[in-house]
Amino acid sequence: MEARDRRGTRTLRLWVRRKSGNQVLICSGCRERVREVAEIREREVRDLPWRKYQTFVIIEFYRVKCPRCGLKVEAVPQLPSKAPFSKDFEDAVGLACESAAARSVARQFGLAASTVRAIDLRYLERWAARRRKPVLRQIGIDEIYLGKKQKFVTVVSNLETGEPVWFGAERKEATLDSFFREELSPLQRGRLTAACVDMWEPYTKSILKWAPACKIVFDKFHVMQHANAAVDEVRRAEFFRKGGQLRDVVKGKRWLLLTRWVNLDGPKQQLLNDLFRLNRRLLKAYLLKESLDRLWTYTYEAVARKHLHGWIDQLKWQRLKPFQKLALMLLKHQEGLLNYCRTKVPFGVVEAVNGNIKSLIRRGRGYRNLRYLLLKAQRLAALKLEVVVLRRAA
Ligand SMILES: [Zn+2]
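This section reports on the structure supplied with the text. Just so it is clear, the model here is predicted, and its values are computed rather than measured. Residue numbers run consecutively from 1 along every chain, following the written order of its sequence. Only residues with pLDDT of 70 or above have their local features reported here, since the model is predicted, and side-chain atom pairs are shown and tallied only from 80 upward, although totals for entire chains, interfaces and linings are computed over all residues. Hydrogen atoms and water are omitted, and side-chain values are computed over all heavy atoms in the structure.

1. A closer look at the packing of aromatic side chains
Two aromatic rings from Phe, Tyr or Trp, using only the six-membered ring of Trp, form a pair when their centres are within 6.5 Å; if the ring planes differ by under 30 degrees the pair is stacked, by over 60 it is edge-to-face, and anything between is tilted. Evaluated as defined, the whole model comprises 11 aromatic pairs. Ring centres of Trp 311 and Phe 323 lie 6.2 Å apart, and the angle between their planes is 55°; this geometry places the pair in the tilted category. Of this pair, Trp 311 sits in helix α12 (residues 301-313) while Phe 323 sits in helix α13 (residues 321-332), placing them 12 residues apart in sequence. Note on Trp 311: relative accessible area 1%, which makes it buried. Here, over-ring charges are defined by two tests on the NZ atom of lysine or the CZ atom of arginine: distance to the ring centre within 6 Å, and angle to the ring normal within 35 degrees. For Lys 344, the ring lying beneath its charged end belongs to Tyr 340, and the centroid distance is 4.4 Å. Per the convention used, a helix needs a DSSP run of H or I reaching at least four residues, while a strand needs a run of E reaching at least two, with both numbered from the N terminus. Each residue's exposure class comes from its accessible area (1.4 Å probe, protein chains only) as a fraction of the maximum for that residue type: buried when under 20%, exposed when over 50%, partly exposed otherwise.

2. Brief notes about the environment of Glu 183
With respect to the secondary-structure elements, Glu 183 resides in helix α4 (residues 173-183). The exposure class assigned to Glu 183 is partly exposed, which follows from its relative accessible area of 38%. For the pair Glu 183 and Gln 225, spaced 42 residues apart in the sequence, the C-alpha separation amounts to 31 Å. Whether two residues are in contact is decided by their heavy atoms, any of which lying within 4.5 Å being enough. When near neighbours in sequence (up to four residues on either side) are disregarded, Glu 183 contacts Val 165, Trp 166, Ser 178 and Gln 188.

3. Here we look at the pattern of salt bridges
Here, a salt bridge means any side-chain nitrogen of Lys or Arg that lies within 4 Å of a carboxyl oxygen of Asp or Glu. Taken as a whole, this structure holds 33 salt bridges when the rule is applied. One salt bridge in this structure joins Arg 13 and Glu 44, with 3.0 Å as the shortest N-O distance. Taken together, the residues span a long stretch of sequence, with Arg 13 in strand β2 (residues 10-16) and Glu 44 in strand β5 (residues 36-50) at a distance of 31 residues. We note a salt bridge from Glu 98 to Arg 379, for which the minimum N-O separation is 2.7 Å. Taken together, the residues Glu 98 in the loop between α1 (87-97) and α2 (102-109) and Arg 379 in helix α16 (residues 370-393) connect sequence positions 281 residues apart.

4. What to know about the sheet that holds strand β9 (residues 152-158)
The mixed open sheet is built from 5 strands, whose spatial order is β10-β9-β8-β11-β12. Sheet topology places β10 (163-169) and β12 (215-218) at the edges, where each strand pairs with a single neighbour. In this sheet, neighbouring strand axes are inclined to one another by 25° on average, regardless of whether the strands run parallel or antiparallel. Two strands qualify as a pair provided DSSP detects at least 2 bridges between them. Strand direction decides the pairing type here: strand β8 (residues 138-145) and β9, joined by 7 bridges, are antiparallel. Bridge assignment links Gly 140 to a residue of β9, and that residue is Ser 157. To obtain an axis, a line is fitted to C-alpha atoms, over the contacting stretch when the element is a helix, and the angle between two such axes runs from 0 to 180 degrees between their N-to-C directions. Where helix α15 (residues 349-364) meets the sheet, it contacts β8, β9 and β10, and its direction lies at approximately 45° from that of β8.

This is how it looks when you write it as structure tokens:
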């Protein structure tokens, strides 16, 4: 049957009748078979378009008398939720949301953006329910800043698959406690071998409490961020201390000083050398940072420990305050720094996961629902993994 609505959209209505005798009924409450039909009902849902027609199907379904649940609606595969859309239609919207923002999908399907997000969330929930979850052995824990309203969120990720596994509001010890308590069984907690974290005490306390066998490995990325901050502090101090000529030489060299020597080309290395000739303290700071970077190249813990202590000893007569502060921090956290010798974790995964989440937020906005954001980021990571697997197979 064909009709036009007020806006001139051409619509098509189809009635779906079931064959008599085809009577395998499933209760939507307990998913068990039931026999007794209480009444027959109909529902109209939007389905995939046919040609230029917006298509609706009217599906007949039963209310059943379940011996366990009482009066219930039967489970109908084409009707995944109470919303007026068929499963095929929801799948098409969900698929479109994988490569476009909710607002543009909304325009494409003639729906409200909030409706598209609700459909997408159900689509992702169905995907999450039927997939096999990868085993969690190495985890990354970091915080991410979501803005003024939600502030910090703790992100736990699977370092082997590069997907986020859990989000929790705030970044307290109690936040991570609830991950261990609610997300993992004692067996799963016992399987954890390594956790890559920032030197943030609330997290390490929680790990020690819930998974004592899990080795804490401090993220090189974060440690080097502290080292870069120390170099920058020295640069600023020198900038203000010395006047005239040197001030001009130091000016604008911030980025160069924060870049590793191997990543600079000839002319840029020359620029730094000119600077170092005029200021030995900056040279010393830069060399200290470069030398610290080598801490993660060792396989033997004793040798790495020697390198770390040698590094700290070098500071003695330097009067480089920012580095003395850093040394105290490293000394306090040395076990977690040296754990990397025996327990290798892939650095950079945590940053990549955070980067993906941030780009999702930038593209989509409207992620007031953390569950939706998590599923979205997981789907994104799984899609990337599928692509990699396909490439390997080819
Ligand atoms: Zn039931």
